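So the chains spell out like this:
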Amino acid sequence: MRRWLPFEWIAAIRFLLEGRMQSLFIVAGVTIGVGVIVFMSAMLESMTANMMRRILNSQPHISMVPPDEVARPLHDAALNLGTVQRRTQRTRSIDQWQAVRTDLERNPEITHVAPVVTGSVLASRGVASRSVNAIGIEPERYFAIIDLPGNIAAGQPRLFAEDVVIGTDLAKELGVEVGDKVRFTAASGTMMTLTITGLFDLGNRFTNLRNVYVALRTGQALLGLIGGSTAIEVTVSDVYAAEDVAKVLQATTGVGADSWIKTNAQFFNVMNIQSISNTTIRLLVGLSVAFGIASVLIVSVVQRSKEIGILRAMGASRGQILRVFLIQGGVLGLIGSIFGSSLGLVAIWGFHAVARNPDGSEFFPLIIDWWLPVLAALMATATGVVAAVTPALRAARLDPVVAIRG
Amino acid sequence: MADPVLVLDAVKKSYAVGTPVEVEVLHGLDLTLEQGEFVALIGPSGSGKSTLLNLVGLLDRPTSGRLVLHGEDATVLDDADLTRLRGRSIGFVFQYHHLIAAFTARENVAMPMLLDRGFPDEAMFTRADALLDQFRLARWRDQPVGQLSGGQQQRVAIARALAMNPALVLADEPTGNLDTKSADIAFDLMREINETYRTTFLVVTHDPRLARRCDRIVELVDGRFTADRPNVAVREEAV
Ligand SMILES: Nc1ncnc2c1ncn2[C@@H]1O[C@H](COP(=O)(O)OP(=O)(O)OP(=O)(O)O)[C@@H](O)[C@H]1O
Ligand SMILES: [Mg+2]
């Protein structure tokens, strides 16, 4: 007997050890339940984080665009989830965009601000040509929002007047590489020949195919918007608050503001449905774990009613008996959750190792929140205690006279 | 003279009170037990002996009448106080030993002390070991009780009943399930404790041989005491 353990704990543990088979089976049941929950949660979390990372890799948190236009930033389409609307052919500058930029820079919730000019142009090299989205940027400002330098596959993210940085997929389509020249033609007929200084890979084929980056002045000249800016890109400190911030910005600046949350509504819908079904499954698994623990303990109370009666005769209070069984429930939940979390994590690691893209690269980056097993343990322990309430009350209310004679 | 250990005053007990099958089992019992008495409670099956023991042991409440334990009126106490009083003043020995199978002999003997104090401590195991020694069970003290013989188990149960040094030990056919030799050993131990510590015993028995070895014999028939006499034979033997 451990000296620092009170009677309730000593008895609970002895009873569990004595009913070895029952304990073993129910712990196995809890293990499987918690394992499923941990596996699913880790999977969903990894997938969500991965998707978000891919979206935000090539997209600002908020795009300030000319008002009253069918609100679309022109070059964001990170995910082909069906929300990507047709680009408008008309490119307009934001009125007084410098003043808007100054306003934005003063906003404490905004971390970075970068004006850009975007528009559709035709990129051609020999007979190959593709319609692309030219984005004129100020590199220092823009790179704080979209980490182009960190996603360069070849060459450098250098953007002097005659330079262009294009996506790896576009380069493949056009059959060009770093150092080659590509001709760009705007709708107005303006034509420019620029030298490829770098190839980027933002982890998204659509972006890699469509976006080409040039210096702001080059873009303004190409698109016929000298001194203009068609969008101001913004990052905020809390990405999840982006939509709220955007609404405020739209109201205060009079300029349209599209948050990444709005432009990726479909993604969030999918995630919501996923999360609802995940929660439902968690709840049902939790319930079946609870019923399992409860039924094992009910049987245990019936089997032990004589012993409970004798303990009461020896001076055990109802409270002591109650706690002996509540603790058993909690301990079953806790032990099951420790095994279950291990099982779930091993499973997700295994799945992650086995599930590969055809080219052998990982299917999704594994993101494991270490709170997950801790949370699972807490929840399982609480579930065990709650499940034990009915059996424990039954044990505590046993009439010792009946129990002993029984 | 000190308070009697137990006073029953017109104690009645009915079962199924308030139902059509209500039945009065004990019809107004008066009884006084002084400290150090070793009393046999005899009577035919169904006469109410176990019912009486349950009342005296504070496991159940009389339907009417007063039950005074060591000067304290138990009929006015609430459940929690009854439990506490029971744990400290009463030791139980049942026909079937009723040890807790998940614990060793030593732990079973220490159990009433553990229940009372909440946490295990050195003193309770010292006390348990002393009792087991006295009961010649030291060799088995770390065995799970399931591995002991019936007689040994009943001795552990008696040791356990004595753990808290109770004023009153209630034994309901303590030897009913034992062979003659084991029964004698168990009975001798109870008498030994009674004589050494002046612990009061109330022992239900169907065995006339054992009843004759008690100081006083109380007979219960159909819920009424029909005889209550000192057992002269024992007194004479003892002298
Ligand atoms: N819980 C109960 N409900 C109703 N009647 C009961 C209950 N317990 C005991 N009785 C009745 O009370 C009477 C006395 O029972 P009790 O067990 O006290 O007898 P006893 O003297 O101990 O008998 P035995 O020698 O067989 O153990 C019996 O008629 C029994 O049927
Ligand atoms: Mg009986």
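Cut-offs applied
Residues numbered from 1 in each chain as written. Chains lettered and ligands numbered in written order. Predicted model: local features only at pLDDT ≥ 70, side-chain atom pairs only at ≥ 80, totals over all residues. Heavy atoms only, no water. Helix = DSSP H or I, 4+ residues; strand = E, 2+ residues; numbered from the N terminus. Contact = heavy atoms within 4.5 Å. Polar contact = N/O pair within 3.5 Å; in protein donor to acceptor, adjacent residues only side chain to side chain. Buried < 20%, exposed > 50% of the residue type's maximum accessible area, 1.4 Å probe, protein only. Core = buried A, V, L, I, M, F, W, Y, C linked by side-chain atoms within 4.5 Å. Domains from an automatic or database assignment. Pairing = 2+ DSSP bridges. Near = heavy atom within 4 Å. Areas by Shrake-Rupley, 256 points an atom, 1.4 Å probe, with all protein chains shown as cover. Nonpolar A, V, L, I, M, F, W, Y, C, P; charged D, E, K, R; others polar.

### Let's talk about the environment of B:Asp73
Residue and element names in this part refer to chain B.
- Structurally, aspartate 73 can be placed in strand 5 (residues 72-73).
- As a C-alpha pair, aspartate 73 and phenylalanine 187 span 114 residues in sequence and 30 Å in three-dimensional space.
- Excluding residues within four positions of it along the chain, aspartate 73 makes contact with Arg66, Leu67 and Val68.
- Reaching out from aspartate 73, the side chain makes a polar contact with the side chain of threonine 75 at a distance of 2.4 Å.

### Some remarks on helix 7 (residues 216-223) of chain A
All names here are of chain A.
- With 6 of 8 residues buried, helix 7 lies mostly within the body of the structure.
- Here helix 7 has its buried residues at Leu216, Thr218, Gly219, Gln220, Leu222 and Leu223.
- As for helix 7, its buried residues are in contact with strand 2 (110-125), strand 3 (128-137), strand 6 (181-186), strand 7 (191-200) and strand 8 (211-215).
- Phi turns positive, to about 70°, at glycine 224, one or two residues after helix 7.

### Examining unusual backbone geometry
- Phi is positive for A:Gln96, close to 55°, though the residue is something other than glycine.
- Relative to the helices and strands, A:Gln96 resides in the loop between strand 1 (62-65) and helix 3 (97-106).
- Of the residues examined, A:Gln96 reaches a relative accessible area of 63% and is grouped as exposed.
- Here B:Asp222, not a glycine, exhibits a phi torsion of approximately 50°, which is positive.

### Observations regarding the nonpolar core
- Ranked by internal contacts, the top residues of the largest apolar core, which has 128 residues, are A:Leu311 and B:Phe135.
- Among the elements that line this core, the one with the most residues is helix 12 (residues 318-354) of chain A, at 9 residues.
- If near-sequence neighbours (up to four positions away) are discounted, A:Leu311 is found in contact with A:Phe7, A:Phe15, A:Ala316, A:Ile321, B:Ile100, B:Met111 and B:Leu115.
- In terms of nonpolar packing, the next biggest core, distinct from the first, is built from 26 residues, A:Ile62, A:Val113, A:Val255 and A:Ile261 among them.

### Section: the domain arrangement of chain A
- Taken domain by domain, chain A comprises domain 1 (2-54 + 268-405) and domain 2 (97-254).
- Placing a centre on the C-alpha atoms of domain 1 of chain A and another on those of domain 2 of chain A gives a separation of 52 Å.

### With respect to the pairing of strand 8 (residues 200-204) of chain B
Residues and elements named next belong to chain B.
- Buried residues dominate strand 8, accounting for 5 of its 5 residues.
- Where burial is concerned, the two faces of strand 8 agree: the one with Thr200, Leu202 and Val204 and the one with Phe201 and Val203 are both buried.
- Here 4 bridges tie strand 3 (residues 38-42) to strand 8, and the two strands are oriented parallel to one another. Residue pairing across strands places phenylalanine 38 opposite phenylalanine 201, the latter belonging to strand 8.
- Examined bridge by bridge, strand 7 (residues 168-172) and strand 8 share 5 bridges and lie parallel to one another. Bridge assignment links leucine 168 to a residue of strand 8, and that residue is threonine 200.

### A word on the site of ligand 1
- The full set close to ligand 1 counts 13 residues, and A:Arg405, B:Ser45, B:Lys49, B:Ser50 and B:Thr51 are the nearest of them.
- A distance of 3.0 Å separates an oxygen atom of ligand 1 from a polar atom in the backbone of B:Gly48.
- For ligand 1, an oxygen atom lies 2.8 Å from a polar atom in the side chain of B:Lys49.
- When ligand 1 sits alone it has 630 Å² of accessible area, and the protein chains cover 64% of it.
- Among the residues making up the shell around ligand 1, the classes are represented as 3 nonpolar, 7 polar and 3 charged.

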